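Chains, contacts and geometry: an overview
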Amino acid sequence: MVNNGLALCKLHHAAFDRHFVGIRADYRVEVRADIRGESDGPMLRHGLQGLHGQRIQLPRAAEWKPDPERLARRYERFREAG
């Protein structure tokens, strides 16, 4: 069982590590306000900004879903960084 893992591509992994995006305990993505306010073309618009408010795709099996408590702790770090 891996309950602290997220399957992210290189772009989204870097954005998550740099606190450009956070994932709430309800599995919704939040993009930092300053990133949402940037204007830098379609990659930013579709690759990051468009994720704001979207729910992540979850595995069907409950034991493979990310742990909401761990997400909540990480989300607090995201909020503090922004």
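See the structure above.
About the criteria used
- Sequence order as written defines residue numbering, which begins from 1 separately in each chain.
- Owing to the predicted nature of the model, reporting of local features is limited to residues with pLDDT of at least 70; listing and counting of side-chain atom pairs is limited to 80 or more, with chain, interface and lining totals taken over all residues.
- To get the side-chain values, all heavy atoms of the structure are used, and hydrogens and water are removed first.
- To qualify as a helix, a DSSP run of H or I must reach at least 4 residues; to qualify as a strand, a run of E must reach at least 2; elements of each kind are numbered from the N terminus.
- Note on method: radius of gyration uses C-alpha positions; expected globular size equals 2.2 Å times residues raised to 0.38.
- Think of it in three bands: with a 1.4 Å probe and only protein chains considered, a residue is buried below 20% of the maximum accessible area for its type, exposed above 50%, and partly exposed in between.
- Whether two residues are in contact is decided by their heavy atoms, any of which lying within 4.5 Å being enough.
- Here the accessible surface of atoms and residues is derived via Shrake-Rupley with a 1.4 Å probe, and residues count as covered only by protein chains that are part of the display.
- Any carboxyl oxygen of Asp or Glu within 4 Å of a side-chain nitrogen of Lys or Arg constitutes a salt bridge here.
- Detection works on a 1 Å grid of protein atoms alone, calling trapped sets that fit a 1.4 Å probe cavities and calling open sets with protein on both sides within 12 Å along at least five of seven lines pockets, with lining residues defined by an atom within 4 Å of a point.
- Grid points are joined across faces, edges and corners, and a volume is the space filled by probe spheres set on the points.
- Amino acids are sorted into nonpolar (Ala, Val, Leu, Ile, Met, Phe, Trp, Tyr, Cys and Pro), charged (Asp, Glu, Lys and Arg) and polar (every other residue, Gly among them).

**Some details on the overall build of the chain**
- When helices and strands are counted, the chain shows four helices and two strands.
- Computed over C-alpha atoms, the radius of gyration of the chain comes to 13 Å, within 12% of the 12 Å expected from 2.2 N^0.38 for 82 residues, which places it in the range of a compact globule.
- Reported as C-alpha extents along the three principal axes, the dimensions of the chain are approximately 40 × 25 × 20 Å.
- A burial count over the chain gives 27% of its 82 residues as buried.
- Taking the intrachain contacts of the chain between residues at least 6 apart in sequence as the baseline, contacts between residues at least 24 apart amount to 61%.
- As displayed, the chain offers around 5,800 Å² of accessible surface, 49% of which is attributable to carbon and sulfur atoms.

**Remarks on the pattern of salt bridges**
- Evaluated as defined, the whole model comprises three salt bridges.
- The closest approach of N and O atoms between R24 and D26, which form a salt bridge, is 2.9 Å.
- Overall, R24 belongs to the partly exposed group, its relative accessible area being 27%.
- Among the ionic pairs, E30 bridges to R79, the shortest N-O distance being 3.2 Å. Taken as a pair, E30 in strand β2 (residues 29-31) and R79 in helix α4 (residues 68-81) lie far apart in primary sequence, 49 residues in all.

**Some details on the layout of surface pockets**
- Counted as a void, the largest pocket has a volume near 310 Å³.
- L6, A7, L8, I23 and I56 are the residues nearest the centre of the largest pocket, which is lined by 16 residues in total.
- Within the residue set of the lining of the largest pocket, elements represented by two or more residues are α1 (10-17) and β1 (21-23).
- Within the lining of the largest pocket, the residues separate by chemical class into 13 nonpolar, three polar and no charged.

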